[in-house]
Every structure is written in C-alpha cells, then in structure tokens.
Amino acid sequence: MPKRIALAAAVAIPAALVLIGVGIGQAADQTPPPVSHQAAKHAGKQAGKAEHRAAAVKNLDDPAKKEIAMKLVSSAENSSLDWRAQFKYIEDIDDGRGYTAGIIGFCSGTGDMLELVEYYTQVKPGNVLAKYLPALRKVNGSDSHAGLDPDFTEDWKTAAKDKAFQDAQEHERDRVYFNPSVRQGKADGLGTLGQFIYYDAIVMHGPGDSKYSFGGIRKTAMSQARTPAQGGDEKTYLHAFLDARKKAMQSEEAHSDTSRVDTEQRKFLNEGNLGLEPPLRWKVYGDPYEIDS
C-alpha cells in the first residue's frame, strides 16, 4: 500500500601542541589566558541547558506523546478523550465510505476495515467477524451494507470485548496510519506537532497520492513552502499544509467542519507549541477539551 551522513574525521592533536600552541599562531612560550571561575560556571550551565533541551525533544512515537495524539484524534472523531472506549464504536456517518468503526475510523468502503478483519482472523481464526469477510470484500470501494446487515454492528461490538481484536485494531492503526505518518514527518524535519498534523490528516484522508489523500495534501503544501528538511521554516510549512488540508476537508460535506484544523492544530501552531507540550487546550465542533499533563 503506497505510503506515504556525512562522516567527519576527527584529527588527534598531540597534547603538547595544544598546550604550547605550536603551529596555531601562538608563541611557544605563551600559555593560554586563564578562564575565570564565573565564565567556566556560565559555560557549564549553558552546556547543561543544551543537553537538557536535546534530551527533552520527543517524537510522536514516544508513548506519552502517542497517548496525547490518540486523545486529540478521539476528540475530533468521537467527541471524547477516552479513545480506548472506541474499540466498539461503529456507525455509518453518510460520507460514502460505508460503516466507520473502531479507534481510528476503519471503513467498510475503503479497504482498511477489510484488512483489519483479515488480520484479526489470522490471529484468531473463527472469530465472530470472520464470516463477514466475503461481504467486506464485495462492498469494498462502495458505501453498501450488502451482506453486513442486520447483525454486523452488534457482532463488531461483541468482538470489541476481545483483547485480540483490540490488539488487532492497534496493530493496523500503527501499520497503516501512525507509523507511516510519523516516519514521513521525521523525514521532513518536523517536530512532534508536525508529526501529529500528518497523522491526523492520514487518518481522515488515507494514504496515497490522489489530490485529497495524505500524499496529495503534502504535495500541495510543498508547492507552497519548503519543509524544514529542505531548509524551510517549520511554522510556514505547517501553515501551508493545514491550508491544503482544509481544502481537502471542504471538498466533502461530511468533513466540511474544519474546527479540528482551525481551533485545534492551528491553535497549537500559532502558540508556537511545536513540541505538542501540555497543557493543551482546544475546541472541536465548539466543544472544549484539555490535557494538563
């Protein structure tokens, strides 16, 4: 499925040459000027701060950041921060994709629900959803419920009580959406917020290179601004990406409310919170949410 070192040689300089400065424009009998205690202390503090900042930088695949990402997506997809309660979620939201279900909105019409049930059946043959595989193959690419109604939604909720099915949902979330978007975000030089912006986009629009898929949105953004990996400014590029994302959302009536961009992601970006650091406060569809730690 389409998804989206240079080496430096260290030269050792004999200690004696360093001490007397031979060959580096310093007289042989001249010693380096003493460094004051305050200067040394200041340099030590600065070095310590730099090391702390480097250690504090985390990507979206850090467990704590991933938890934040799941809560943010759930606030937009399910109007709740309790993303683990969504394993059982299933409904047809009339967006032309058939049934939408689970923690990431797997759809019967887009293939990812089919792949999820196939994987679940590999892990646990004879499960309650396995009998729907022929129907899921037939309805893929449409909004049809043929062969799924009337019992599929109840059987989905039954399966959601099974730890193996919960694990399967997380496995497919990571394989199809989370890992590819974080990997691309890192390659583009984006921090945690940028990686999340990529993740939320691929969740809604799917991987691929069509105009309004994740790849198409990224291509449009890159035509307007350079990524940090290309030497561009991170905030400028992310604003361009969100502009392209809004157009993609507005192309579908079911996704025309762009508050997850306007009053969530753009808010964090305008605040300069590129590390997606709590406390986080945002609104989706007018409803307020917060993550304090």
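In case you missed it, the structure is sitting above this.
Residues numbered from 1 in each chain as written. Predicted model: local features only at pLDDT ≥ 70, side-chain atom pairs only at ≥ 80, totals over all residues. Heavy atoms only, no water.

Some remarks on helix H11 (residues 259-270)
Cut-off, in case you're wondering: Here's how the labels work: a residue is buried when its accessible area is under 20% of the maximum for its type, exposed when over 50%, partly exposed in between, all with a 1.4 Å probe on protein chains only. Helix numbering and strand numbering both begin at the N terminus, where a helix is a DSSP run of H or I of at least 4 residues and a strand a DSSP run of E of at least 2. Pairs of residues are marked as contacts when any of their non-hydrogen atoms sit within 4.5 Å.
Ser259, Arg260, Val261, Glu264, Gln265, Arg266, Phe268 and Leu269 are the residues of H11 that are buried. Next to the buried residues of H11 lie helix H3 (63-78), helix H8 (192-205), helix H10 (234-250) and strand E4 (280-284). Residue Gly272 follows H11 closely and has a positive phi angle near 75 degrees.

Focus on the packing of aromatic side chains
Rules: We call Phe, Tyr and Trp rings a pair once their centres come within 6.5 Å, taking the six-membered ring for Trp, and we label the pair stacked below 30 degrees between planes, edge-to-face above 60, and tilted otherwise.
Inspection of every chain in the model, using the stated rule, returns 12 aromatic pairs. Where Tyr132 meets Phe152, the ring centres are 4.9 Å apart and the plane angle is 75 degrees; that geometry is what we call edge-to-face. Highlighted residues: Tyr132 in the loop between helix H4 (112-123) and helix H5 (133-139) and Phe152 in helix H6 (residues 152-159), separated in sequence by 20 residues. Classification of Tyr132 as buried rests on a relative accessible area of 6%. Pairing Trp282 with Tyr289 gives two aromatic rings, centres 5.8 Å apart and planes at 20 degrees, and the pair type is stacked. You can call Trp282 buried: its relative accessible area is 3%. Exposure remark for Tyr289: the relative accessible area of 13% places this residue in the buried category. Chaining the aromatic ring pairs together yields one cluster made of Tyr99, Tyr120, Tyr132, Phe152, Trp156 and Phe165.

Observations concerning the side chain of Asn127
Where we set the bar: The definition of a polar contact used here is a pair of N or O atoms within 3.5 Å, where within protein one atom must be able to donate a hydrogen and the other to accept one, and adjacent residues in sequence count solely through side-chain atom pairs.
Looking at the secondary structure, you find Asn127 in the loop between H4 and H5. Here Lys124 takes part through its backbone oxygen, which lies 3.0 Å from a polar atom of the side chain of Asn127. Other than its neighbours up to four places away in sequence, Asn127 contacts Tyr120 and Thr121.

So, the packing of H8 against H10
Counted only if it meets this: Axis definition: a line fitted to C-alpha atoms, limited for helices to the stretch in contact. Angles are taken between N-to-C directions and run from 0 to 180 degrees. In this scheme, roughly parallel covers angles under 35 degrees and roughly antiparallel covers those over 145, while 65 to 115 is roughly perpendicular and the rest are oblique. The sense of a crossing depends on the near helix, which, turned anticlockwise from the far helix by less than a right angle, makes the crossing left-handed and, turned clockwise, makes it right-handed. Nonpolar residues are Ala, Val, Leu, Ile, Met, Phe, Trp, Tyr, Cys and Pro. Charged residues are Asp, Glu, Lys and Arg, and all others, Gly as well, are polar.
Direction vectors running N to C along H8 and H10 enclose 15 degrees, while the axes themselves pass 11 Å from each other. In terms of axis orientation, H8 runs roughly parallel to H10. Our pair here, H8 against H10, has a crossing hand that is left-handed. Mapping the contact onto sequence places Gly194, Ile197, Tyr198, Asp200, Ala201, Met204 and His205 in H8 and Tyr237, Leu238, Phe241, Leu242, Arg245, Ala248 and Met249 in H10. Looking at the contact of H8 with H10, its residues break down into 10 nonpolar, 2 polar and 2 charged.

Thoughts on the packing of H8 against helix H9 (residues 214-222)
It is at 9 Å that the axes of H8 and H9 come closest, and there the two elements cross at 135 degrees. Regarding the angle of H8 to H9, the classification is oblique. In this structure, H8 contributes Tyr198, Ala201, Ile202 and His205 to the contact, and H9 contributes Phe214, Ile217 and Arg218. Looking at the contact of H8 with H9 residue by residue, the classes come out as 5 nonpolar, 1 polar and 1 charged.

Regarding the sheet that holds strand E3 (residues 106-107)
What counts is decided by this rule: When DSSP finds two or more bridges between two strands, those strands count as paired.
Sheet architecture is open: 3 strands sit in the order E1-E2-E3, paired in antiparallel fashion. Every other strand in the sheet has two partners, leaving strand E1 (90-92) and E3 as the edge strands with one partner each. In the sheet, E1 pairs with strand E2 (residues 99-101) via 3 bridges, with the strands oriented antiparallel. Note that in E2 the partner of Asp92 across the bridge is Tyr99.

Some details on unusual backbone geometry
Of note, the amide linkage connecting Asp149 to Pro150 takes the cis form, showing an omega dihedral of 10 degrees. Looking at where Pro150 falls in the secondary structure, it is placed in the loop between H5 and H6. For the peptide bond that leads from Pro278 to Pro279, omega is 5 degrees, which places it in the cis range. Looking at the element boundaries, Pro279 is found in the loop between H11 and E4. Positioned with a positive phi, Leu276 is a non-glycine residue whose angle comes to about 50 degrees. Here Leu276 is to be found in the loop between H11 and E4.

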